[in-house]
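Take a look at the letters that make up each chain.
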Amino acid sequence: MDQIAGDLRLVSFRKEFGDFVAVDDIDILIPKGSFFALLGPSGCGKTTTLRMVAGLELPTAGQILIGDHDIASLKPYNRPVNTVFQSYALFPHLDIYENVAFGLRRRGVKDVATQVEAMLSLVELDAFARRKPSQLSGGQQQRVALTRALINRPEVLLLDEPLGALDLKLRRQMQLELKRIQTEVGITFVHVTHDQEEAMTMADTIAVMNQGKVEQLGSPMDLYENPKTTFVANFLGQSNLLTGEVMDRGDFVGVKVWGNHIKIPASRVATTNAKVWVGVRPEKIYISAESNHAHDHLGNQLIGTVLERSYIGVSTQFIVEIPGFLDDEKIMVFEQNVDASEVKAGDRVRISWDPSHTFALDAKQDAYAGDVLAEAE
Amino acid sequence: MTNTDTSKKWVPYLLLAPGALWLALFFLTPMFNLGATSLYDPSGSLETGYVMNGHVGNYADALGEYWPQFLRSFTFAAIATVLALIIAYPLAYAIALKSGQWKNILLVLVIAPFFTSFLLRTLAWTALLGDNSSFVHFLQDIHILPEGGRILATPFAVVMCLTYNFLPFMTLPLFTSLEKVDPRLIEAAGDLYSKPFNGFHRVVLPLSMPGVVAGTLLTFIPASGDYINAQLLGGIKNTTMIGNVIDRAFLERGAYPTAAALSFLLMAAIVILVATYVKRAGTDELV
């Protein structure tokens, strides 16, 4: 088993259930030692992908390579891969010690006691060694599940919504903890989640999945700042998407949005199509009274009326109506609550943003893709 | 708060009352009577009446005379229980974990025998295993059974039918505990390097132990005291169980003190066997 090592690669990877294509010919390279997240709404194929890497489902086609070895045909118990299951799947009849020792015992490892004790004290669970899983809190069970998998030193650790059952505060804490552990042990982590914040906090690289396909793959910052599809733009955070038409192309692409001229760096235009969605994140926009010209230097500007203003705590959110725009093209603006805002509902406002915060997507894509899904999760 | 607390205190007792009354009338009273009968002077009879003289010797006499039947009963019951477990476990496993949409239909089929009476089903077996049945002829033809050999009136027939009759009592508790086994635990065992049989041995079997214990008790206890199977399918020799002895002592010979003493001995033996078994099986979570 030791000779199977290296990067994890999924090649032309496919899974069909009858007529339903759960995973549609994906190709992913996950470098050894990286923290990789598969992010997407439920039913997007992320869990199926994970289960196939674990060996719990057989792929319809394609390869699962670790280094140069195709493990796709190996039984789960022969793969150098371990899983942290959703809601943990700890063995209820065994105590914590035996749960953690389970994998070592099955492989006939010699110094089980030394390893288990060392591992339990590392995760500060040594005091609970003789308790049953049901006697532990959710957070402790989560740590047991992680320890039970990690003690086997797998080439790849798979995590299936590992923090889903925890409350918000504990989840935040565990996100940092997981990231720290991953950095320490240097094992490849593949993390499945529908929670974009969770993926962004921990992962080096995220693959956003939708309907069995990888929509976009990149670093959290890359995905957020420069989404390539409307699905990614909407599923990761929120985006304003406006109907635009490309007028001229150069280092900056000039786009007409209902008579207004908007500039976008050429590198941030993801399509050669003339019809585009012009996108900008709500928190990148400055809002000020129409008479205030302080942000004119930014370059992209629109004039409109504040429809709604809501105080959220960390920010104040505005919905701005621009004359001539479609009804569903109202612009959302988030303003950090540093100073009291000068703008009220009903005011005429000037909204401004930097062209380098603007992106353009193919207008053939659905402007609402991923939107409702992100809300529902 | 205190007011409602105190005023609700009688509720549990009220709920217990019908059951307690029922048991007092129809269980405790007869038990007491039976206990008294077991100590009567055995020289009496139904016609002349019995004298109560605390004759503990009834027990020693009963045990001395009928210990082979006791031993046979427990042996038959034990074999039937083991056979039922061997047949029912894979069946319950398949229904609980592998049957998908067929689960309910299969469960109904397990219970279906209850739609006809226990007596009728046992009688049907006398026809199935009878000397002129095709099953017996078949066994004779392939020389498993010698020419003129019988199945009816053998211990084999009695044990087979005991196994058959108590199979649902084994299957249902097994099904219940196997159904509670989270399939992801089986996946987790595989993920942690267990080959399928090892995963079963380490995870599924221990988790189904409450069902195994409940099923074996529900089979063994009534099978030890059963007399219908031995009466209908057994012969004169080698098949008489303790239930048949008690039955005849009460109804044919009118030997009430002996019959009562035998009943108590059977009860005591079962309690001791079961207590030892439950303790050995070590299922604290059973209750």
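Just so it is clear, the model here is predicted, and its values are computed rather than measured.

Asker: Looking at this structure, I do not really get the interface of chain B and chain A. What am I missing?
Answerer: Frequently, the measure chosen for interface size is the accessible area removed from exposure when the parts meet. Tallying the contact residues gives 15 residues for chain B and 14 residues for chain A. Of all the elements in the fold, those that place two or more residues in the side of chain B that touches chain A are α8 (183-191) and α9 (196-225) of chain B. Looking at the side of chain B that touches chain A, the element that brings in the most residues is α8(B), giving six residues. Considering only residue class, the side of chain B that touches chain A consists of seven nonpolar, three polar and five charged.

Asker: For this particular structure, what's the right way to read the sheet that holds strand β6 (residues 81-84) of chain A?
Answerer: Strand pairing in a sheet takes place through backbone hydrogen bonds and is either antiparallel or parallel in direction. Residue and element names in this part refer to chain A. Strand order across the open sheet formed by six strands is β6-β7-β8-β3-β9-β10, with mixed pairing between neighbours. One side of each edge strand has no neighbouring strand; the edge strands of this open sheet are β6 and β10 (213-218). On average, adjacent strands in this sheet sit at an angle of 20° to one another, irrespective of strand direction. Looking at chain direction, β6 and strand β7 (residues 156-160) are connected through four bridges and run parallel. What sits directly across from Asn82, in β7, is Leu157.

Asker: Explain the packing of α8(B) against α9(B) here, please?
Answerer: Two quantities define a packed helix pair, namely the angle between the axes and the distance from one axis to the other. Residues and elements named next belong to chain B. Relative to each other, α8 and α9 sit at 140°, their axes nearing to 10 Å. By the criterion of interaxial angle, the relationship of α8 to α9 is oblique. Considering only the axes of α8 and α9, their crossing is right-handed. Mapping the contact onto sequence places Leu185, Ile186, Ala189 and Gly190 in α8 and Gly199, Arg202, Val203 and Val204 in α9. Here the contact of α8 with α9 is composed, by residue class, of five nonpolar, two polar and one charged.

Asker: Would you explain the domain arrangement of chain A in this entry?
Answerer: Split by domain assignment, chain A resolves into domain 1 (8-225) and domain 2 (239-376). Summarising the inter-unit geometry, the C-alpha centres of domain 1 of chain A and domain 2 of chain A are found 38 Å apart.

Asker: Whenever I open this one, the sheet that holds strand β19 (residues 348-353) of chain A confuses me. Can you help?
Answerer: Residue and element names in this part refer to chain A. Across the sheet, which stays open at both edges, the five strands sit in the order β15-β19-β16-β17-β18 with antiparallel pairing between neighbours. Where the open sheet ends on each side, the last strands, each with one partner, are β15 (286-289) and β18 (331-336). Taken pair by pair, the neighbouring strands of this sheet meet at an average axis angle of 45°, ignoring direction. Taken together, the six bridges between strand β16 (residues 300-311) and strand β17 (residues 315-321) define a ladder with antiparallel strand orientation. Each bridged residue has a counterpart across the sheet, and for Glu308 the counterpart in β17 is Ile319.

Thresholds applied
Every residue gets a number counted from 1 within its own chain, in the order that chain's sequence is written. In the order they appear in the text, chains get letters beginning with A and ligands get numbers beginning with 1. Local features in this predicted model are restricted to residues whose pLDDT is 70 or higher, and side-chain atom pairs enter the listing and the counts only when it is 80 or higher, whereas totals over whole chains, interfaces and linings include all residues. C-beta atoms are placed from the backbone for every residue, and two residues are taken to be in contact when these atoms lie within 7 Å. By the criteria applied, helices consist of DSSP H or I runs no shorter than four residues and strands consist of E runs no shorter than two, each listed in order from the N terminus. Think of it as three bins: nonpolar holds Ala, Val, Leu, Ile, Met, Phe, Trp, Tyr, Cys and Pro, charged holds Asp, Glu, Lys and Arg, and polar takes everything else, Gly as well. Two strands are said to pair when DSSP picks up at least two bridges between them. Whenever a helix is involved, its axis is fitted only over the stretch in contact; in every case the axis is a line through C-alpha atoms, and angles between N-to-C directions fall within 0 to 180 degrees. Our angle categories are set so that under 35 degrees counts as roughly parallel, over 145 as roughly antiparallel, 65 to 115 as roughly perpendicular, and the remainder as oblique. Left-handed describes a crossing whose near helix is turned anticlockwise from the far helix through less than a right angle; right-handed describes the clockwise counterpart. Domain start and stop points were drawn from an automatic or database domain assignment.

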